[in-house]
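Structural characterization, general
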Amino acid sequence: ASQGVALDGEGFDAPTTARAMAEAVVRVGRHRGRLEQVRQAGPEVRQDVVDIVRATLMDLDRTGMNLELLKQTGIGVELNKAYWRNNSFEDVAETCSELVARWRDVVAERRRE
């Protein structure tokens, strides 16, 4: 499993069964939808929305990602958008950048196999 960014702890293992994968796709897909809505709402973000974004990022940080989960959900594509990388909330921008970097390592490792 990959190291967690926000909590600096061990992340969960990537899903290995079909059922666990299906559940992860639904959960991560919901996270992507939520983040997409925030991004499309514009640059002004209320504090309660930022708290939701932080909680979403924390859950993503603790989610074991594999190539299939990244492909099916497109979460890496969403978090790699300039809105997130350059977010006015520094902790949000940093967490997004670190998650994308970690997930790129997952992709690179899979390609080496």
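Quick summary incoming for the structure in this document.

Calculation criteria
Residues numbered from 1 in each chain as written. Predicted model: local features only at pLDDT ≥ 70, side-chain atom pairs only at ≥ 80, totals over all residues. Heavy atoms only, no water. Helix = DSSP H or I, 4+ residues; strand = E, 2+ residues; numbered from the N terminus. Contact = heavy atoms within 4.5 Å. Core = buried A, V, L, I, M, F, W, Y, C linked by side-chain atoms within 4.5 Å. Buried < 20%, exposed > 50% of the residue type's maximum accessible area, 1.4 Å probe, protein only. Expected span 1.5 Å × (residues − 1). Axes fitted to C-alpha atoms, helices over the stretch in contact; angles between N-to-C directions. Parallel < 35°, antiparallel > 145°, perpendicular 65-115°, else oblique. Left-handed = near helix turned anticlockwise from the far one by under 90°. Nonpolar A, V, L, I, M, F, W, Y, C, P; charged D, E, K, R; others polar.

1. With respect to the environment of R85
- Looking at where R85 falls in the secondary structure, it is placed in helix 5 (residues 82–85).
- Spatially, the C-alpha atoms of R85 and N66 are 22 Å apart, while their sequence positions differ by 19 residues.
- In this structure R85 touches L79, N80, A93 and S97, once residues within four positions along its chain are discounted.

2. Quick notes on the nonpolar core
- Grouped together as the largest cluster of nonpolar side chains are 22 residues, with contacts concentrated most on L57, L60, M65, I75, L79, W84 and W103.
- Mapped onto this core, the elements with two or more residues apiece are helix 1 (18–41), helix 2 (47–61), helix 3 (67–73), helix 4 (75–79) and helix 6 (90–112).
- At six residues, the largest contribution of residues to this core is made by helix 6.
- Not counting residues within four places of it along the chain, the set of residues in contact with M65 comprises A14, V28, L60, L70, I75, W103 and V106.

3. Quick notes on helix 6
- A rise of 1.5 Å per residue sets the reference length of helix 6, with its 23 residues, at 33 Å; its end C-alpha atoms lie 33 Å apart and thus fit the reference within 8%.
- Buried residues of helix 6: V92, A93, T95, C96, L99, V100, R102, W103 and V107, and no others.
- If you follow the buried residues of helix 6, they end up packed against helix 2, helix 3, helix 4 and helix 5.

4. Quick look at the packing of helix 1 against helix 2
- It is the contact of helix 1 with helix 2, at a shortest axis distance of 10 Å, that shows an interaxial angle of 150°. Our classification of the angle between helix 1 and helix 2 gives roughly antiparallel. Our pair here, helix 1 against helix 2, has a crossing hand that is left-handed. Here R27, V28, H31, R34, L35 and V38 of helix 1 come into contact with helix 2, specifically with V49, I52, V53, T56, D59 and L60.
- For the contact of helix 1 with helix 2, the residue count by class is seven nonpolar, two polar and three charged.

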